[in-house]
Amino acid sequence: MGSLLHRPSTGVIALLQDRAAVASTHARSILRGKRSIGDRYGLALGFDLLAAALAAEGAIEQAAAARHMQARYERAAHAVLGEERHERLMARSDRKGCSRISWGR
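In what follows, the accompanying structure is described. (Residues numbered from 1 in each chain as written. Predicted model: local features only at pLDDT ≥ 70, side-chain atom pairs only at ≥ 80, totals over all residues. Heavy atoms only, no water.)

## With respect to the pattern of salt bridges
All chains considered together, the criterion is met by two salt bridges. Glu 84 is the partner of Arg 88 in a salt bridge, and the nearest nitrogen-oxygen pair spans 3.2 Å. Pair noted here: Arg 88 and Glu 84 are both in helix H5 (residues 83-96), with a separation of four residues, about one helical turn. Looking at Glu 84, the relative accessible area reads 60%, which means it is exposed. (Salt bridge = Lys/Arg side-chain N within 4 Å of Asp/Glu carboxyl O. Helix = DSSP H or I, 4+ residues; strand = E, 2+ residues; numbered from the N terminus. Buried < 20%, exposed > 50% of the residue type's maximum accessible area, 1.4 Å probe, protein only.)

In structure tokens, the structure reads:
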């Protein structure tokens, strides 16, 4: 898999630069890769980015559908972790801040 699968920020940056079509393409690439490995959390992030990109493109109905899928995968990822572990991870990320999170541990 390409390195872009691990960089949702590339799509966010494209959105901030008013390049919604680039962000949408990037989100779809993320979704293909994450779907191929069954990464529910990655799918939630990909659908979140896709929803924002589609909304920026004016495709409101498609954006709403993508947002619905994002919520579905977020719930599925949360269920896999369990409530206690999810809360511990969220508290840990709050303490560390986004720039200091060790994603592999």
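## Let's talk about the environment of Ala 65
In this structure, Ala 65 sits in helix H4 (residues 60-81). The spacing of Ala 65 and Leu 54 is 11 residues in sequence and 10.0 Å in space, taken between C-alpha atoms.

## What to know about the nonpolar core
Grouped together as the largest cluster of nonpolar side chains are 17 residues, with contacts concentrated most on Phe 47, Leu 50, Leu 54 and Ala 66. Listing elements by their share of this core, those giving two or more residues are helix H2 (20-37), helix H3 (40-57) and H4. Element by element, the count of residues in this core is highest for H3, at eight residues. In this structure, Leu 50 is in contact with Ser 24, Ala 27, Arg 28, Leu 31 and Ala 66, ignoring residues within four places of it in sequence. (Core = buried A, V, L, I, M, F, W, Y, C linked by side-chain atoms within 4.5 Å. Contact = heavy atoms within 4.5 Å.)

## What to know about the packing of aromatic side chains
Applying the stated rule across the entire model yields one aromatic pair. With a centroid separation of 5.8 Å and an interplanar angle of 5 degrees, the aromatic rings of Phe 47 and Tyr 73 are classed as stacked. Highlighted residues: Phe 47 in helix H3 and Tyr 73 in helix H4, separated in sequence by 26 residues. Assigned by exposure class, Phe 47 and Tyr 73 land together as buried. One cation-aromatic arrangement involves Arg 72 over Tyr 73; the distance from NZ or CZ to the ring centre is 5.9 Å. (Phe/Tyr/Trp six-rings, centres within 6.5 Å; stacked < 30°, edge-to-face > 60°. Lys NZ or Arg CZ within 6 Å of the ring centre and 35° of its normal.)

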